[in-house]
Amino acid sequence: MNQGVSAIRWGGSYLELLDQRLLPLDETYVRCSNVAEVVDAIREMIVRGAPAIGISAAYGVVLGADERYRNQPENWREGLLEDVGALAQSRPTAVNLFWALDRMKAVIDSLPDGESPVARLEQEALAIHEEDVAANQRMGELGAQLMQGEQPFAVITHCNTGSLATGGYGTALGVIRSAYKAGLITRVFADETRPWLQGARLTAWELVQEGIPAALIADSAAAHVMKSGQVKWVIVGADRITANGDVANKIGTYSLAVLARYHGVKFMVVAPTSTIDMQLATGQDIPIEERTQQELLKLRDMQLAPERAQAFNPVFDVTPAELIDAIVTEKGVILNPDPAKMAEHMG
Ligand code: MRU
């Protein structure tokens, strides 16, 4: 199964990340050889997308382990836990980051002093990466099944949830790949996703490569497009899903959900269980990242707004569970999510 471009490449002693700040104009891989470089790559959005951030952080721990063990073979643990702490500070909203670091920490805790932790940690990071791809492929099948039995129709997606945002294949974009292959989808409307333009720069790039008919729309065109009647599903990813089924995702997702309910369009969230945070009761508890005002005030180096203008740039919002028709994970489908269904799904 074609899983799209490999945005994350593990080289054994370094990590290569396709620089998503430069796409689609430039396809350049950035090499990270230590933890600080991985922290920087996540913070600066060289790599972005919830699962991709988690996978990259896991590889970052392997780089940290190698350096700490070489410098202090008898006492690598303390320094490595500091590295884990630094990685955890890189971005706040996507829970996959903390989930992956917890998995790496569990391995660290299980290893003896005085022996190299590198091989075992590398094995865990590779497993996190491979499991993500497998989860995406399974979600692709499940999401496509959910859409079966109707005439082919158009869908709207938001942000970038494809190979670039994950270990490969994608979450919402994975469902779109599978559904298109199954003949269920006529066309994808991809929101440009202001202000960082994940839709225009990244999703459009992946859809063009895949040959899936797609049209980019301004975020503000979604209501108009839904009103035309050609769209049956909105399909998005998630950065964190809480115990009641609320979903944090790229800013603008909540507006799409409100619009979808008004227009009778169904709303599907596609995310692996690594995105579900059962520790948080509701979406109100999710830390929402604010990024620099410059993302709004400028387009690359070009000033868009008056020099002294101020901007407010929250980059995620929370969609309440009641607006969500289905959450698709690798374990199955949760229809009309609520706390009981979420708890049952998570076992
Ligand atoms: O700020 P980003 O680009 O990291 O935000 C990414 C998103 O909001 C995605 O929709 C989400 O992570 C799901 S990706 C599989």
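Residues numbered from 1 in each chain as written. Predicted model: local features only at pLDDT ≥ 70, side-chain atom pairs only at ≥ 80, totals over all residues. Heavy atoms only, no water.

Peer 1: What exactly am I supposed to notice about the domain arrangement of the chain here?
Peer 2: Interface size, as often reported, equals the accessible area lost upon joining of the parts. Split by domain assignment, the chain resolves into domain 1 (8-133) and domain 2 (141-345). Summarising the inter-unit geometry, the C-alpha centres of domain 1 and domain 2 are found 26 Å apart. Contacts between the two partners involve 29 residues from domain 1 and, on the opposite side, 29 residues from domain 2. Contact between domain 1 and domain 2 buries roughly 2,300 Å² in total, counting both sides, with carbon and sulfur atoms accounting for 54%. For the domain 1 face of the interface with domain 2, the top three residues by lost area are Arg48, Thr93 and Val95, together amounting to 26%. For the pair domain 1 and domain 2, the interface holds 1 salt bridge. Close ionic contact of Glu289 with Arg91 constitutes a salt bridge, the shortest N to O distance being 2.8 Å. (Domains from an automatic or database assignment. Contact = heavy atoms within 4.5 Å. Buried area = accessible area lost by both parts, 1.4 Å probe. Salt bridge = Lys/Arg side-chain N within 4 Å of Asp/Glu carboxyl O.)

Peer 1: Please explain the site of the ligand as it appears in this structure.
Peer 2: Neighbouring the ligand are 19 residues; Arg48, Arg91, Asp239, Asn249 and Lys250 lie closest to it. The separation between an oxygen atom of the ligand and a polar side-chain atom of Arg48 is 2.8 Å. The protein chains hide 99% of the 410 Å² of surface that the ligand would expose on its own. Per-class residue counts for the shell around the ligand are 7 nonpolar, 8 polar and 4 charged. For the shell around the ligand, the two domains that each supply at least three residues are domain 1 (8-133) and domain 2 (141-345). (Near = heavy atom within 4 Å. Polar contact = N/O pair within 3.5 Å; in protein donor to acceptor, adjacent residues only side chain to side chain. Areas by Shrake-Rupley, 256 points an atom, 1.4 Å probe, with all protein chains shown as cover. Nonpolar A, V, L, I, M, F, W, Y, C, P; charged D, E, K, R; others polar.)

Peer 1: What is the right way to read the side chain of Asp239 from this model?
Peer 2: Structurally, Asp239 is set in the loop between strand E7 (231-236) and strand E8 (240-242). We note that Asp239 is buried and unpaired, the nearest opposite charge coming from Arg91 at a distance of 6.2 Å. Residue contacts for Asp239: discarding those within four places in its chain leaves Ala50, Thr93, Ala94, Val95, Asn96, Ala248, Asn249, Lys250, Thr275 and Phe316. (Helix = DSSP H or I, 4+ residues; strand = E, 2+ residues; numbered from the N terminus. Buried < 20%, exposed > 50% of the residue type's maximum accessible area, 1.4 Å probe, protein only. Lys, Arg positive; Asp, Glu negative; His and termini not counted.)

Peer 1: Would you mind going over the sheet that holds strand E14 (residues 316-319) with me for this structure?
Peer 2: Within a sheet, adjacent strands bond to each other through the backbone by hydrogen bonds, running parallel or antiparallel. As summarised here, the arrangement of the 4 strands in space is E11-E8-E9-E14, forming an open sheet in which the pairing is mixed. Of all strands in the sheet, those with a lone pairing partner are strand E11 (276-277) and E14, marking the two edges. Across 2 bridges, the pairing between E8 and strand E9 (residues 247-250) is antiparallel. Looking at E9, one finds that Arg240 is bridged to Ala248. Together, E9 and E14 form the strand contacts of helix H9 (residues 253-263), whose direction differs from that of E14 by roughly 35°. (Pairing = 2+ DSSP bridges. Axes fitted to C-alpha atoms, helices over the stretch in contact; angles between N-to-C directions.)

Peer 1: Sorry, what's going on with the pairing of strand E2 (residues 15-18) here?
Peer 2: On a regular strand, each side chain points to the face opposite its neighbour's, so the side chains alternate between the two faces of the sheet. With burial as the criterion, each face of E2 is covered, one bearing Leu15 and Leu17 and the other bearing Glu16 and Leu18. Inspection of the sheet shows strand E1 (residues 8-10) paired to E2 by 3 bridges, in the antiparallel sense. Residue pairing across strands places Trp10 opposite Leu15, the latter belonging to E2. Two successive antiparallel strands, E1 and E2, enclose a turn made up of 4 residues, where Gly12 displays a positive phi of approximately 95°. Pairing of E2 with strand E3 (residues 29-32), which is carried by 4 bridges, proceeds in the antiparallel orientation. Residue pairing for E3: Glu16 is matched across the bridge by Arg31.

Peer 1: Even after reading the chapter, I still don't get the nonpolar core, so can you show me in this structure?
Peer 2: Among the nonpolar cores identified, the biggest contains 37 residues, and Leu15, Leu17, Val61, Leu87, Met104 and Leu121 are the most heavily contacted of them. Among the secondary structure elements, those contributing two or more residues to this core are E1, E2, helix H1 (35-43), helix H2 (50-71), helix H3 (77-88), helix H4 (95-110) and helix H5 (118-146). Looking at which element gives the most residues to this core, the answer is H2, with 10 residues. Beyond its immediate chain neighbours, meaning those up to four positions away, Leu15 contacts Ile8, Arg9, Trp10, Val30, Arg31, Cys32, Val38, Ser56, Tyr59 and Leu63. (Core = buried A, V, L, I, M, F, W, Y, C linked by side-chain atoms within 4.5 Å.)

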